[in-house]
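The lines below spell out each chain.
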Amino acid sequence: MQRFRHILISRRILRSAVAISTAICGVGALRTIAEPNSLATPRLSQHDVIPIFLRHCTACHGAQQQEAKLDLRSKLSMLKGGKSGPALVPGNPATSRIVQRIQSGECPPSKRLVEASVKPVAPSSLAKLTEWIEAGAPETPEEPDLAGTPDDPLVREKDREFWSFQPPKFVLPPPVRQMNLLRNPIDAFILHKLEEKELTFAPEAARATLLRRVCFDLTGLPPSPEETTAFLSDHSPDAYERLIDRLLASPRYGERWGRHWLDVAGYSDVEGRREQHLPRPFAYRYRDYVIQAFNADKPYDRFLLEQIAGDELADYAHNPTITQEIYDNLVATGFLRMGPDPTWANITGFVPDRLEVISDAIDVFGSGVLGLTLKCARCHDHKFDPIPQRDYYRLADLFKGAYDEYNWLKPDLRPYGGAVNVGKLGERSLPFVLPEERKTWEAHQQKDKKIPQPRVAALWDRGDPSPTYIYRRGEYERTSAWVKGGVPAVLTDNYARFEVRVPWPGAETTGRRLALARWLTNPKHPLTSRVFVNRIWRHHFGHGLVKSLGNFGRTGALPTHPELLDWLANEFVRDGCRMKPLHRLILTSRTYRQSSAVSAGLLNADPDNELFSRVPLRRLEAEALWDSLVSVSGRLVEVRFGPPVPVEVRTNGVVLPGKAGGGWRRSIYGQQLRKDLPTVMDVFDAPAMNPNCLERSESISAPQALHLTNDETLRELATSFAHRVRVEAGSEPGRQIERAFLIAFARAPSEDEQSAALQTLQQLQAAWIELRTQHGLRNAGKDDEMLSRSRGALTTFCHALLNSAEFLYVD
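Because the structure is a prediction, the values reported are computed rather than measured. (Residues numbered from 1 in each chain as written. Predicted model: local features only at pLDDT ≥ 70, side-chain atom pairs only at ≥ 80, totals over all residues. Heavy atoms only, no water.)

### With respect to the overall build of the chain
On a plain count of helices and strands, the chain comes out with 31 helices and 6 strands. For 811 residues, the compact-globule estimate of 2.2 N^0.38 gives 28 Å, and the chain sits close to it at 31 Å. Looking at the 811 residues of the chain, the share that counts as buried comes to 55%. For the chain, the share of sequence-separated contacts (at least 6 apart) that also reach a separation of at least 24 residues comes to 71%. In the chain, 105 positive and 99 negative side-chain charges are present, and the distance between their average locations comes to 4 Å. (Helix = DSSP H or I, 4+ residues; strand = E, 2+ residues; numbered from the N terminus. Rg over C-alpha atoms; globule rule 2.2 N^0.38 Å. Buried < 20%, exposed > 50% of the residue type's maximum accessible area, 1.4 Å probe, protein only. Contact = heavy atoms within 4.5 Å. Lys, Arg positive; Asp, Glu negative; His and termini not counted. Charge placed at Lys NZ, Arg CZ, Asp CG, Glu CD.)

Structure (structure tokens):
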């Protein structure tokens with residue numbers, strides 16, 4: 001009995017040691033404790049010293065540069081040595097040149113530390129290197145990768161049972177009692193839940209309300225008076241469906257929905273964070289790519305494939321001609337280049353700074369595409385989801401062909417005081433633009449040699465990346481186990497095999513991101529289609545079927561309608577992952593056509609609208625508000641694509657969208673900065689991308705009303721709005737009021753509104769007379785005075801309409 005207790009206690013101690021070591025050191029420590037042959041394993045191996053060389057030496061003796069013909073990335077290359085002979089002598093650290101150079105302070109050279117963004121070798125690291133060489137420079141063999149296999153010690157089969165880690169299920173629309181209310185299968189799922197609570201749909205919205213709603217949802221702009229008149233006078237059964245088709249075919253659709261995706265990507269026209277306002281001169285190409293992709297209804301799987309691994313889809317470097325497809329592929333990879341990047345300067349380009357850039361890219365990918373909080377596993381195992389720290393670094397390894405913290409390409413900002421890249425690779429951006437653009441540049445360069453070469457801000461695989469190690473607590477100087485690239489083990493199953501292959505014969509890329517993209521776009525992937533259709537749903541209904549858009553894990557919200565989410569995901573895949581059919585399906589549903597009407601009973605039964613018992617009243621986002629202000633004033637300049645229009649920063653602190661051609665282009669074409677957001681957008685909650693924005697906040701504050709009332713640019717727009725009304729309606733006040741309502745609200749005023757508006761105009765004209773009298777301006781002729789007071793009154797009236805709730809909100 002005594003011996004049995006002793007065995008039990010010993011096993012408990014062993015299990016505790018395994019758990020503690022796994023948490024601190026990763027899987028390698030687990031194996032060291034668990035395997036009976038661990039006593040034969042050397043105390044130090046190549047994986048203990050290679051990180052030292054990566055941190056301090058390979059900037060000058062690595063992939064891009066090998067000074068004195070010396071490569072310090074492996075034991076084999078160290079034994080080969082350089083011009084001075086072998087870098088190490090196993091068993092004899094005293095005669096090993098690498099130890100001698102570090103001890104003498106020659107390596108890394110103190111004068112070049114900032115240039116290469118490296119630090120001196122710490123005494124503890126030198127002691128570790130010396131001990132390894134003295135032990136004969138032992139190497140440990142490669143161990144089998146157990147991640148995602150039945151023998152995986154960190155992720156169990158039970159972990160995969162959570163709903164979002166399982167592929168979408170095949171479901172049929174449920175039965176409902178009120179069959180006459182159904183317009184398409186979406187309605188069956190929604191009505192089924194409503195009937196369980198003894199509820200039903202809200203009444204259908206008025207046609208004018210529906211017109212304005214669908215115009216803003218699809219184009220981000222109000223309908224024109226002509227569009228309003230045409231739709232309201234069209235009583236054919238399919239008038240609404242044809243309206244949707246026209247809006248989906250409009251180039252404005254891509255500008256509206258491209259803006260939503262640019263939030264996910266964290267689009268910005270500058271490098272660095274808020275205080276590092278250096279330009280990112282070629283970022284606009286990615287913005288244009290996104291808009292064109294939405295307008296062309298590019299399938300979402302192809303859209304993702306190009307953005308994650310476009311550089312590995314074709315051999316762009318050796319192709320005799322840069323085709324539109326190759327160009328699009330390269331531009332698309334800007335998706336993972338949009339995060340803040342302060343590494344343009346040597347002093348902010350050290351490994352920790354680079355790791356922040358990589359972390360942001362993984363965060364954008366994880367939250368925006370996978371719907372998982374991967375960043376929580378950077379420093380330790382995820383506290384809630386089955387994502388061990390090992391899997392974070394396995395995923396990071398897939399990006400390492402392009403994002404290698406030990407073989408870094410700085411943003412090319414030499415014209416603005418940025419650092420020069422160390423090594424043979426000149427710039428991070430690529431010169432592969434379309435032939436027409438290159439020919440134009442070459443012709444202009446003959447006249448002006450200072451014109452910069454057109455380039456593409458791309459993420460591209462350079463091949464032969466450095467090995468990836470787990471960083472304990474996320475600290476790069478505390479390396480743990482070496483890991484191979486792979487996807488999160490909890491998402492590995494029979495539905496999608498992950499396999500890295502060379503993209504084409506003789507390719508100089510790793511093929512890792514291409515393997516990731518193909519795994520991600522597998523039709524049976526548990527998350528890809530669910531996350532995307534949920535995002536589409538959110539933009540139409542105010543919140544998603546899963547409210548936490550970027551968190552489908554255990555701490556995220558559960559789906560309110562899980563069967564509908566799976567049905568939509570499957571339908572989306574069945575339609576070829578095309579977005580426009582999905583919009584059409586949602587917008588033609590009875591669910592979408594509901595009004596926003598509420599009652600006390602409805603608020604009690606469905607206070608948060610989780611059952612979608614109505615369509616919520618929504619305020620316009622910052623860009624849609626500004627674009628609408630410009631549009632109704634007749635000052636919208638619809639010039640598309642190209643470099644952004646710079647913002648105007650005034651001495652009083654107000655930031656204005658830059659003008660173009662006597663008006664303003666749509667806000668998506670304005671300069672996107674992290675620090676100087678246009679004031680009108682800043683006060684209406686436009687996000688500063690750090691690194692991206694999954695869901696915008698919506699505040700109600702005094703500065704919003706104050707800005708709309710007092711800003712001189714808003715007064716200028718109100719003046720232009722009034723001028724438009726006079727041109728289109730003439731001088732008769734009644735017709736002016738009708739036209740102003742039609743332009744601003746896409747409807748005619750009611751009798752009470754017409755009467756009140758006429759009375760208001762008369763009062764405003766009287767106020768203008770009094771104001772002119774106070775300022776001694778009554779010397780003009782009678783006709784001029786009448787015209788002036790009429791214009792002033794109408795301008796004030798139009799300004800009031802622009803400040804109204806009906807203009808700011810979509811019903």
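Read on for the rest.
### Remarks on the packing of aromatic side chains
If you walk through the whole model with that rule in mind, you get 28 aromatic pairs. Between the aromatic rings of Trp537 and Phe541, the centroid separation amounts to 4.2 Å while the plane-to-plane angle is 25°, which identifies the pairing as stacked. Here the residue Trp537 and the residue Phe541 both occupy positions in helix α20 (residues 528–541), the gap between them amounting to 4 residues, near one helical turn. There is no split in this pair, since Trp537 and Phe541 are both buried. Centre to centre, the rings of Trp537 and Phe612 are 5.4 Å apart; their planes meet at 85°, and the pair counts as edge-to-face. Of this pair, Trp537 sits in helix α20 while Phe612 sits in the loop between α23 (600–605) and β3 (618–619); the two residues are 75 residues apart in sequence, bridging distant segments of the chain. (Phe/Tyr/Trp six-rings, centres within 6.5 Å; stacked < 30°, edge-to-face > 60°.)

### Comments concerning the pairing of strand β2 (residues 479–483)
Of all 5 residues in β2, 4 are buried; the element is thus mostly enclosed. Where strand β1 (residues 468–471) meets β2, 3 bridges bridge the pair, whose relative direction is antiparallel. Bridging across to β2, Tyr469 finds its partner in Trp482. (Pairing = 2+ DSSP bridges.)

### A word on the side chain of Arg455
Among the secondary structure elements, Arg455 is positioned in the loop between α18 (435–445) and β1. At 2.7 Å, the side chain of Arg455 and the backbone oxygen of Ser429 are in polar contact. In this view, Arg455 contacts Phe282, Arg285, Glu427, Ser429, Leu430, Pro431 and Val433; residues no more than four positions away in its chain are not counted. (Polar contact = N/O pair within 3.5 Å; in protein donor to acceptor, adjacent residues only side chain to side chain.)

### Regarding the confidence of the model for the chain
For the chain, the average pLDDT comes to 90, and 90% of its residues sit at 70 or higher. The low-confidence segment residues 1–39 (pLDDT under 50) makes 23 contacts with residues lying over four places distant or belonging to another chain. (pLDDT = per-residue confidence, 0-100.)

### With respect to empty space enclosed by the protein
Scanning the model with the defined rule gives 8 cavities of 30 Å³ or more in all. Space inside the largest cavity adds up to approximately 300 Å³. Lining the largest cavity are 29 residues; nearest its centre among them are Thr58, Ala59, Tyr406, Asn407 and Trp408. Contributions of two or more residues to the lining of the largest cavity are made by α3 (46–56), α6 (113–116) and α16 (351–370). Of the residues that constitute the lining of the largest cavity, the class distribution is 12 nonpolar, 8 polar and 9 charged. Of the voids in this model, the second largest cavity is the one considered here, and its volume is about 260 Å³. (1 Å grid on protein atoms, 1.4 Å probe; cavity = no way out; pocket = protein on both sides within 12 Å on 5 of 7 lines; lining within 4 Å. Points joined across faces, edges and corners; volume = space filled by probe spheres on them. Nonpolar A, V, L, I, M, F, W, Y, C, P; charged D, E, K, R; others polar.)

### Structural notes on the environment of Leu374
Inspection of the secondary structure assignment puts Leu374 in the loop between α16 and α17 (389–398). Sequence separation between Leu374 and Pro388 is 14 residues; the distance between their C-alpha atoms is 9.7 Å. Setting aside residues up to four positions removed in sequence, Leu374 forms contacts with Ile362, Gly366, Ile387, Tyr392 and Leu395.

### Re unusual backbone geometry
Looking along the chain, the bond that leaves Cys107 and enters Pro108 is cis, with omega of -10°. Mapped onto the elements of the fold, Pro108 is located in the loop between α5 (97–104) and α6. With an omega of -5°, the peptide bond running from Asn690 to Pro691 counts as cis. Tracing the backbone shows Pro691 in the loop between α25 (679–683) and α26 (702–710). You will see that Glu198, though not glycine, has its phi angle at about 60°, which is positive. One can find Glu198 in the loop between α8 (185–196) and α9 (207–219).

### Focus on the state of the cysteines
In total, this model carries 0 disulfides according to the counting rule given. Lacking any disulfide linkage, Cys107 is separated from the closest cysteine sulfur, that of Cys57, by 6.8 Å. Residue class for Cys107 comes out partly exposed when judged on its relative accessible area of 23%. (Disulfide = S-S within 2.5 Å.)

### A word on the pattern of salt bridges
A full pass over the atoms with the stated rule returns 58 salt bridges. Two residues, Arg73 and Asp464, come together in a salt bridge whose shortest N-O distance is 2.8 Å. With a gap of 391 residues between them, Arg73 in the loop between α3 and α4 (75–80) and Asp464 in the loop between α18 and β1 connect regions that are remote in the sequence. We classify Arg73 as partly exposed; its relative accessible area is 23%. (Salt bridge = Lys/Arg side-chain N within 4 Å of Asp/Glu carboxyl O.)

### Considerations on the side chain of His583
Secondary-structure assignment places His583 in helix α22 (residues 579–587). By relative accessible area, His583 is classed as buried at 0%. Each residue touching His583, except ones within four places of it in the same chain, is listed here: Leu218, Leu248, Tyr253, Trp257, Ile536 and His540.

### What about the nonpolar core?
Core analysis: the largest hydrophobic core is formed by 134 residues, its most contacted members being Trp261, Tyr286, Tyr300, Phe365 and Trp537. Of all hydrophobic cores here, the second largest spans 43 residues; its members include Leu221, Leu764, Phe797 and Cys798. (Core = buried A, V, L, I, M, F, W, Y, C linked by side-chain atoms within 4.5 Å.)

### Re the packing of helix α24 (residues 622–632) against helix α27 (residues 712–729)
If you want to describe how two helices pack, look at the angle between their axes and the distance between the axes. One way to put it is that α24 packs onto α27 with a least axis distance of 8 Å and a crossing angle of 40°. Considered as vectors, α24 and α27 are oriented oblique to each other. On the side of α24, the interface is formed by Trp626, Leu629, Val630, Ser631 and Val632, while α27 contributes Thr713, Leu714, Leu717, Phe721 and Arg724. Residues belonging to the contact of α24 with α27 are distributed by class as follows: 7 nonpolar, 2 polar and 1 charged. (Axes fitted to C-alpha atoms, helices over the stretch in contact; angles between N-to-C directions. Parallel < 35°, antiparallel > 145°, perpendicular 65-115°, else oblique.)

### Topic: helix α10 (residues 225–232)
Of all the positions in α10, only Pro225, Thr228 and Phe231 are classed as buried. One face of α10 carries all of its buried residues, which in axial projection span an arc of 135°. Contact partners of the buried residues in α10: α9, α11 (239–249), α27 and α28 (733–745). (Arc of directions from axis to C-beta.)

### Here's the deal with α26
Listing the buried residues of α26 in full gives Gln704, His707 and Leu708. Looking straight down α26, one finds that the buried residues subtend no more than 95° of arc, so they occupy a single side.

### As for the environment of Lys83
Secondary-structure assignment places Lys83 in the loop between α4 and α5. Not counting residues within four places of it along the chain, the set of residues in contact with Lys83 comprises Ala68 and Lys69.

### Side note on the packing of α26 against α27
Close contact between α26 and α27 brings their axes to 5 Å; oriented N to C, the two are set at 55°. Accordingly, the angle class assigned to the pair α26 and α27 is oblique. Each of His707, Leu708, Thr709 and Asn710 in α26 lies in contact with α27, whose residues at this interface are Glu712, Leu714 and Arg715. Split by residue class, the contact of α26 with α27 holds 2 nonpolar, 3 polar and 2 charged.

### A closer look at the environment of Glu405
Topologically, Glu405 is positioned in the loop between α17 and α18. Taking relative accessible area as the criterion, Glu405 reaches 5% and is therefore assigned buried. Through-space distance from the C-alpha of Glu405 to that of Pro465 is 9.5 Å; in sequence the pair is 60 residues apart. Glu405 has contacts with Val351, Arg354, Leu355, Ile358, Lys400 and Tyr471, leaving out every residue within four places of it along the chain. At 2.6 Å, the side chain of Glu405 and the side chain of Tyr471 are in polar contact.

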